[in-house]
Amino acid sequence: MLHDRVLVSTDGEAGERRSGGGIVIPATVAIGRRLTWGKVVAAGASVRSVKVGDRVLFDPEDRAEVEVRGKDFVLLRERDLHAVAAERLSDGHTGLYL
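My aim in this report is to walk through the structure given alongside it, one point at a time. (Residues numbered from 1 in each chain as written. Predicted model: local features only at pLDDT ≥ 70, side-chain atom pairs only at ≥ 80, totals over all residues. Heavy atoms only, no water.)

Notes on the pattern of salt bridges
Part 1 of the reasoning: Counted by the stated rule, this structure contains 2 salt bridges.
Part 2 of the reasoning: Between Asp4 and Arg5 there is a salt bridge whose closest N-O contact spans 3.4 Å.
Part 3 of the reasoning: Asp4 gets classed as buried once you look at its relative accessible area, which sits at 19%.
Part 4 of the reasoning: Salt-bridge contacts for Arg77 lead to Asp4; the nearest nitrogen and oxygen are separated by 3.5 Å. One end of the pair, Arg77, is in strand S7 (residues 71-77); the other, Asp4, is in the segment before strand S1 (5-9), and 73 residues separate them in sequence.
Part 5 of the reasoning: Each of Asp4, Arg5 and Arg77 takes part in a single network of salt bridges with overlapping partners. (Salt bridge = Lys/Arg side-chain N within 4 Å of Asp/Glu carboxyl O. Buried < 20%, exposed > 50% of the residue type's maximum accessible area, 1.4 Å probe, protein only. Helix = DSSP H or I, 4+ residues; strand = E, 2+ residues; numbered from the N terminus.)

What about the pairing of strand S4 (residues 36-43)?
Part 1 of the reasoning: With 4 bridges connecting them, S1 and S4 associate as antiparallel partners. Paired with Val6 across the bridge in S4 is Ala43.
Part 2 of the reasoning: Pairing of S4 with strand S5 (residues 55-58) involves 4 bridges; the strand directions are antiparallel. Bridge pairing links Lys39 to Arg55 in S5. (Pairing = 2+ DSSP bridges.)

Structure follows, in structure tokens:
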């Protein structure tokens, strides 16, 4: 990884979703600007606020897809991330860092 780049896996994030009430929402439904969660699998040397294993929120429109060893990943700059969800608290709760 180079500089401020982050490699993100979106396995299981795309496709059908379920609403809070259990209604299945197909992947073909067009919703306005919807952000996506993914898991960081690699980070460049200049990345400061994200670590491998963190969940990050990003805009799926502003992404570059790359295939590594047969798996699809998203390559993003650190500044393109909207939020980071990471276990950084001593009691094990997940903190959301904006």
